[in-house]
Amino acid sequence: MSGPPVLKSRGLLGHTRAFAEDPLGMFSRLLDTFPSEEVVRIRFGPFMDYAVTGADAARQLMLGGHDHLVRPWFFNRVFKEMSGLNLFTANGEEWSWRRKMIGPAFHSAEIAGMADAMVSIAERVAGSWDAGDRIDLREEMTSLTLEVAGRALFGIDVTAEDRGRRLAQAFEGMIQWTNHRVERFISEPVWAPTARAVRARRAIGVVDEIAAEAVAERRERGGEHHDLLQLLLDSRDAETGEPLSDYQVVSEAKAFFFAGHETTSSVLSWAWLELALHPDVGNALREELTQVLGGRSPKLSDLEDLDLTRRIIEESLRLHPPAMVLTRRTHGAVEAGGYRIPGNRGILVLIYAIHRNPKYWDAPDTFDPERFTPTRSEGRPAHAFLPFGEGPRMCVGSRFAMTEACLMLATLAQRWRFEVEEPAGVRPDTRFVLKPARLSATVVG
Ligand code: HEM
């Protein structure tokens, strides 16, 4: 079997710069140059990575189990600095027992318990705006999801109590540090004696302290709670029946924060931008909300009737997947897309390219939520849409995220529309999570 074709490059660094500066342009180039291939090789300096642009090859790789693929250290290192060893950062056996313990616990009771809190947070924010207000929608969505994270992960209101505000500031400090690290191929580690690293360590210290306090309080007082903190406290090792230690609960809560916060705020931001660009879809959304809710607050059970609301979120996730690329390293040889990939090679599953591959999607660059109706989805391979990944390492928080995004969209869109400034000129920000670079808007009643 010969290897997959190679995307031509010049110079010693190969595609390193193009990938860092314009990854979306590079994904389009791959699709245009090799329309019938599912795996293509691209060069990063001395290394040749395998980029996956097809649904079947992605399925072959991702469903194959965790034993032949691992998350590479380069991408994990920043998350580890922030959150330690947890479901997101662990590999192999260290990952496997965590997943068996936490995965099944992510069931509906905890999500249902959080749904009302999500809606009341969105209602409070919607109530704080007036028609004509100028806001930055991206910042607003980030504050909303931060507030949900504070409640769900630590039972803390980040807008009220003093420690809540300290927690919010510290979360932001951690995000700033993460952005600083992922933007640069070479940067100082968190233990370095630079002012920036000292600030990051302080932020981690504050989150650890407040999180440990919240865990201790919850253990002491007991009571019935349905949130992510309780989910972690109730998780039991499948074999020994042992719970997580306090330290492990805090690490896992931080993993949920890192994996779930910016991703969810990003999909909401993209959805508002697309609605501003497609007022007809916005009108249809408001019609659906009036019909199903008749002006009352949404509940979790309404989601099954809010079809268009869900399709808008799905289509935003397709066009703008917050996790654009999944990275893996092969242990041994694997097969995908008709090729054999040797061991110890880098794999990039290009979710963004698969989501815009014309083999699976008509007019792939067009926002069209109707493509997710059952009729139009017929015959499309399931793995043509994988915003939450696939296989054993698929996102554990996908239901939580979909619930949060749909409830927030429904609650806010019932009350307000947003006129986005120059919507057609909004550029993507590809650092870390794919998000709109800016989203200034006027609130319209
Ligand atoms: C729109 C929102 C979200 C998107 C697009 C998203 C996407 C993803 C993707 C693509 C992966 C797989 C990464 C890989 O295979 O390398 C993943 C993993 C993960 N996600 Fe999410 N996620 C979202 C929200 C959340 C939320 C809300 C939580 C927690 C409450 C969460 C927790 C996790 C964790 C812990 C993992 C690691 C799972 C493992 O390795 O076993 N995510 N997410």
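Look a little higher up for the structure.
Residues numbered from 1 in each chain as written. Predicted model: local features only at pLDDT ≥ 70, side-chain atom pairs only at ≥ 80, totals over all residues. Heavy atoms only, no water.

### Points about the coordination of the iron atom of the ligand
Then comes step 1: When only protein atoms are considered, the iron atom of the ligand has one donor, Cys395 (SG), at a distance of 2.3 Å.
Then comes step 2: If you trace the backbone, Cys395 turns up in the loop between α15 (374–377) and α16 (398–415). (Donors = N, O, S within 2.8 Å, 3.2 Å for Na, K, Ca; no water. Helix = DSSP H or I, 4+ residues; strand = E, 2+ residues; numbered from the N terminus.)

### Looking at unusual backbone geometry
Then comes step 1: For Asn344, which is not glycine, the phi torsion reads 60° and is therefore positive.
Then comes step 2: Examined against the element boundaries, Asn344 turns out to sit in the loop between β7 (339–341) and β8 (346–350).

### Let's talk about the side chain of Arg98
Then comes step 1: Looking at where Arg98 falls in the secondary structure, it is placed in helix α5 (residues 92–102).
Then comes step 2: Relative accessible area serves as the criterion here: at 6%, Arg98 is assigned to the buried category.
Then comes step 3: Polar contacts involving the side chain of Arg98 include one to the main-chain carbonyl oxygen of Glu94, which spans 2.8 Å.
Then comes step 4: Among all residues touching Arg98, those that are not within four sequence positions of it are Leu85, Asn86, Leu87, Ala90, Gly103, Gln248 and Glu252. (Buried < 20%, exposed > 50% of the residue type's maximum accessible area, 1.4 Å probe, protein only. Polar contact = N/O pair within 3.5 Å; in protein donor to acceptor, adjacent residues only side chain to side chain. Contact = heavy atoms within 4.5 Å.)

### Brief notes about the site of the ligand
Then comes step 1: The environment of the ligand is made up of 25 residues, and the closest members are Arg71, Trp95, Arg99, Arg328 and Cys395.
Then comes step 2: Arg393 is positioned with one of its side-chain polar atoms (N or O) 2.8 Å from an oxygen atom of the ligand.
Then comes step 3: Sorting the residues of the shell around the ligand by element identifies α5, α11 (246–277), β5 (325–330) and α16 as the ones contributing at least two each.
Then comes step 4: When its residues are assigned to classes, the shell around the ligand shows 16 nonpolar, five polar and four charged. (Near = heavy atom within 4 Å. Nonpolar A, V, L, I, M, F, W, Y, C, P; charged D, E, K, R; others polar.)

### Brief notes about the sheet that holds strand β9 (residues 417–420)
The strands that make up a sheet pair up through hydrogen bonds in the backbone, lying either parallel or antiparallel.
Then comes step 1: In spatial order, the strands read β4-β12-β9; together these three strands make up an open sheet with antiparallel pairing. Lying at the two open borders of the sheet, with one neighbouring strand each, are β4 (134–136) and β9. The mean inter-strand angle of the sheet, taken between neighbouring strand axes irrespective of direction, is 40°.
Then comes step 2: Strand direction decides the pairing type here: β9 and strand β12 (residues 440–444), joined by four bridges, are antiparallel. Its bridge partner lying in β12, Phe418 is registered against Val443. (Pairing = 2+ DSSP bridges. Axes fitted to C-alpha atoms, helices over the stretch in contact; angles between N-to-C directions.)

### A short note on the sheet that holds strand β3 (residues 69–70)
Then comes step 1: An order of β1-β2-β8-β5-β3 is seen for the five strands of this open sheet, with the pairing classed as mixed. On the outer flanks of this sheet lie β1 (39–44) and β3, each paired with one strand and no other.
Then comes step 2: Across the sheet, helix α2 (residues 23–33) is in contact with β1, β2 (47–52), β5 and β8; its angle to β1 comes to roughly 135°.

### A closer look at the pairing of β12
Then comes step 1: Pairing between β4 and β12: three bridges, direction antiparallel. Bridge assignment links Arg134 to a residue of β12, and that residue is Thr442.

### Considerations on the packing of aromatic side chains
Then comes step 1: Summed over the entire model, instances satisfying the criterion amount to twelve aromatic pairs.
Then comes step 2: Relative to Phe258, the ring of Phe79 lies with its centre 6.2 Å away and its plane at 75°, an arrangement referred to as edge-to-face. Note that Phe79 is positioned in helix α4 (residues 73–83) and Phe258 in helix α11, a separation of 179 residues in sequence. Each member of the pair, Phe79 together with Phe258, is buried.
Then comes step 3: Through successive ring pairs, a cluster of aromatic residues spans Phe79, Phe88, Phe154, Phe171, Phe257 and Phe258.
Then comes step 4: The lysine or arginine in question, Arg318, covers the ring of Trp361, its NZ or CZ lying 5.0 Å from the ring centre.
Then comes step 5: Taking the ring centre of Phe372 as reference, the NZ or CZ of Arg380 above it sits at 5.8 Å. (Phe/Tyr/Trp six-rings, centres within 6.5 Å; stacked < 30°, edge-to-face > 60°. Lys NZ or Arg CZ within 6 Å of the ring centre and 35° of its normal.)

### Section: the side chain of Asn86
Then comes step 1: By the secondary structure assignment, Asn86 is in the loop between α4 and α5.
Then comes step 2: A distance of 3.2 Å separates the side chain of Asn86 from the backbone oxygen of Ser251, its partner in a polar contact.
Then comes step 3: Setting aside residues up to four positions removed in sequence, Asn86 forms contacts with Arg98, Ser251, Glu252 and Ala255.

### Notes on the environment of Phe256
Then comes step 1: One can find Phe256 in helix α11.
Then comes step 2: In contact with Phe256, not counting residues within four places along its chain, are Ile102, Phe106, Leu153, Leu228, Leu231, Leu232, His261 and Val396.

### Points about helix α12 (residues 279–293)
The α-helix advances 3.6 residues per turn, and as a result positions three or four apart in sequence lie on the same side.
Then comes step 1: With 15 residues, α12 extends 21 Å between its outermost C-alpha atoms, agreeing within 8% with the 21 Å of an ideal straight helix rising 1.5 Å per residue.
Then comes step 2: Three or more residues of α12 are buried, namely Val281, Gly282, Leu285, Glu288, Leu289 and Leu293. Considered in projection along α12, the buried side chains sweep an arc of 120° and stay on one side of the axis. Looking at α12, the residues exposed on the side facing more than 90 degrees away from the buried face are Asp280, Glu287, Thr290 and Gln291.
Then comes step 3: Contacts made by the buried residues of α12 are with α11, α13 (307–319) and α16.
Then comes step 4: Phi for Gly294, located one or two positions after α12, is positive at around 50°. (Expected span 1.5 Å × (residues − 1). Arc of directions from axis to C-beta.)

### Things to note about the packing of helix α9 (residues 195–221) against α11
In helix packing, the relevant descriptors are the interaxial angle and the interaxial distance, both defined with respect to the helix axes.
Then comes step 1: The contact between α9 and α11 brings their axes to 10 Å, and the two run at 120°. In this view, α9 runs oblique relative to α11, as classed from their interaxial angle. Relative to α11, the crossing made by α9 is right-handed. On the side of α9, the interface is formed by Ile204, Val207, Asp208, Ala211, Ala212, Val215 and Arg219, while α11 contributes Asp246, Val249, Val250 and Lys254. (Parallel < 35°, antiparallel > 145°, perpendicular 65-115°, else oblique. Left-handed = near helix turned anticlockwise from the far one by under 90°.)

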